[in-house]
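Residue strings, one per chain:
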Amino acid sequence: MSRYILSLPLQVLYLDTTALATTEPNPEELPAASSRKWSLTQEAFDRLLHCLSEERDAAAEKYLEIRRNLLKFFEWRGCPFPEDHADETVNRVARRLTEGEEIRNPMAYFIGVARLLVLEIVKARVKETQALGEIGKSEVAESDDPSEVRLDCLRECLQGLSPENRELILAYYQGDKGEKIENRRKLTERLRVPVNTLRMRALRLREKLQDCMGKCLASAEM
Amino acid sequence: MDIPATPFNEELIVRYLLGELAEKEQVEVEDQAFGDEQYMQAVLAVESDLIDEYVRGEIPRNRIKQFEKHFLGSAERRDKVEFARALATVTAEHEAPAAAPVASIRLTPPRENVFLAFLRSLQPAAAFSLAAAALILVFGMAWLVRDGLRLRAQLAQLQAEQREREAQQRALEEQIARERKHNDEITAQLQ
């Protein structure tokens, strides 16, 4: 199991949001960290939902979609705390709305704010690693063997799949590089589906399994 | 990454996921992913493949450091790597069944005749010899059974004949005894 200890000052999660008081997020206007912190109120959140859609349910759905995309975005950008960063992005957008900002394309706006936050995170990380004289260094504790609990959970989750799906995912991920490619090619022929369809099917099953394993591990820890 | 002929530039996505692209290119990839569900799925699929390659030690050496530095930056990503390790272990456990065709697994009968399977596994000459020996054995057994039945019938007949002779003998002895008694009576009358 790999273990990374990445250094990041917690203050980055409470950066001043006043610099975002423009119609589009602008990195040139990034502020210095402020001591005054802004927290999300029910009124601000309601305003944010209303900005996404006038219908409450549709707005909630849109909000969840935006949050999912924010999580992916921060993960892709290699940020250490995607959940916290996504929350911070939502807070900043909500604050802008309470200040009278009008947002025409919410998804683009959220991502714009998130990009500014990434710049701040990177800056803060560089600053800290420079201070510690450990630029680019991360500590890695390696352990390649998955724990038995994890394996038991995965085996249990596999049993929860239908036989067809179980066989599909096992066959899809089987073998080393060349063998795996050949296995997948044979699978597409056998199932008579295009490569991408098979890939997406395997990806969905993989996500399902990972979700199941996460829940199993959580319950095992309780 | 594994299967070519996808409509997306997978190498570009890999470089994006490893943080190797310039900001402008990163923004392009992200905008496309957030605006096109298919592209989003492609990015996620490439991400999974990249994690698998890392776990299986198939990722190019020059990219390992970048992968560990950039890609494994968050706990969520490290969870994905842990999951991939577990998946690799479990798929290896299922090596033989998984290698079998998915469709044929459903179609294959649960059990094959063991004797036929054994015969099929033999060389033709050995199979022929074995079949000939089995045939001789069957005929030999049949002959033995038939002979046994014949002997049993003969024995029963002999036993019946013996019983008949014994009965005749007893009848003769009784007749002799009666004649002797009659003789004795006549002799007694004469005297």
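Residues numbered from 1 in each chain as written. Chains lettered and ligands numbered in written order. Predicted model: local features only at pLDDT ≥ 70, side-chain atom pairs only at ≥ 80, totals over all residues. Heavy atoms only, no water.

Novice: Describe the overall build of chain A, listing the residues and the values that go with them.
Specialist: On a plain count of helices and strands, chain A comes out with eight helices and two strands. N-terminal to C-terminal, the α/β element order of chain A is β-α-α-α-α-β-α-α-α-α. Buried positions account for 44% of the 222 residues belonging to chain A. Residue pairs in contact within chain A that sit at least 24 positions apart in sequence constitute 66% of those at least 6 positions apart. A total accessible area of about 12,000 Å² is found for chain A, and carbon and sulfur atoms account for 50% of it. (Helix = DSSP H or I, 4+ residues; strand = E, 2+ residues; numbered from the N terminus. Buried < 20%, exposed > 50% of the residue type's maximum accessible area, 1.4 Å probe, protein only. Contact = heavy atoms within 4.5 Å. Areas by Shrake-Rupley, 256 points an atom, 1.4 Å probe, with all protein chains shown as cover.)

Novice: Explain a nonpolar patch on the surface to me, and be specific about the residues and the numbers.
Specialist: Together, L137(B), M141(B), W143(B) and L144(B) give the surface a local cluster of nonpolar side chains, amounting to about 470 Å² of exposed area. Note on placement: L137(B) falls in helix α9 (residues 124-190). (Patch = residues over 30% accessible without salt bridge, like charges linked within 9 Å, V, L, I, M, F, W, Y side chains within 5 Å. Salt bridge = Lys/Arg side-chain N within 4 Å of Asp/Glu carboxyl O.)

Novice: Describe the state of the cysteines, with residues and values.
Specialist: Residues and elements named next belong to chain A. Tallied over the full model, the rule gives two disulfides over all chains. Here C153 is linked by a disulfide to C216, with a sulfur-sulfur distance of 2.0 Å. Its torsion about the S-S bond being -75°, the disulfide of C153 and C216 is classed as left-handed. Separated by 63 residues along the polypeptide, C153 in helix α5 (residues 148-159) and C216 in helix α8 (residues 195-221) bring together distant segments of the chain. Overall, C153 belongs to the buried group, its relative accessible area being 3%. Two residues, C157 and C212, share a disulfide whose sulfurs are 2.0 Å apart. Between C157 and C212, the S-S torsion sits near -85°, and that sign places the bridge as left-handed. Here C212 lies in helix α8 and C157 lies in helix α5, a separation of 55 residues in the sequence. Here the disulfide map of chain A reads 1-4, 2-3, the bonded cysteines being numbered as they appear in the sequence. (Disulfide = S-S within 2.5 Å.)

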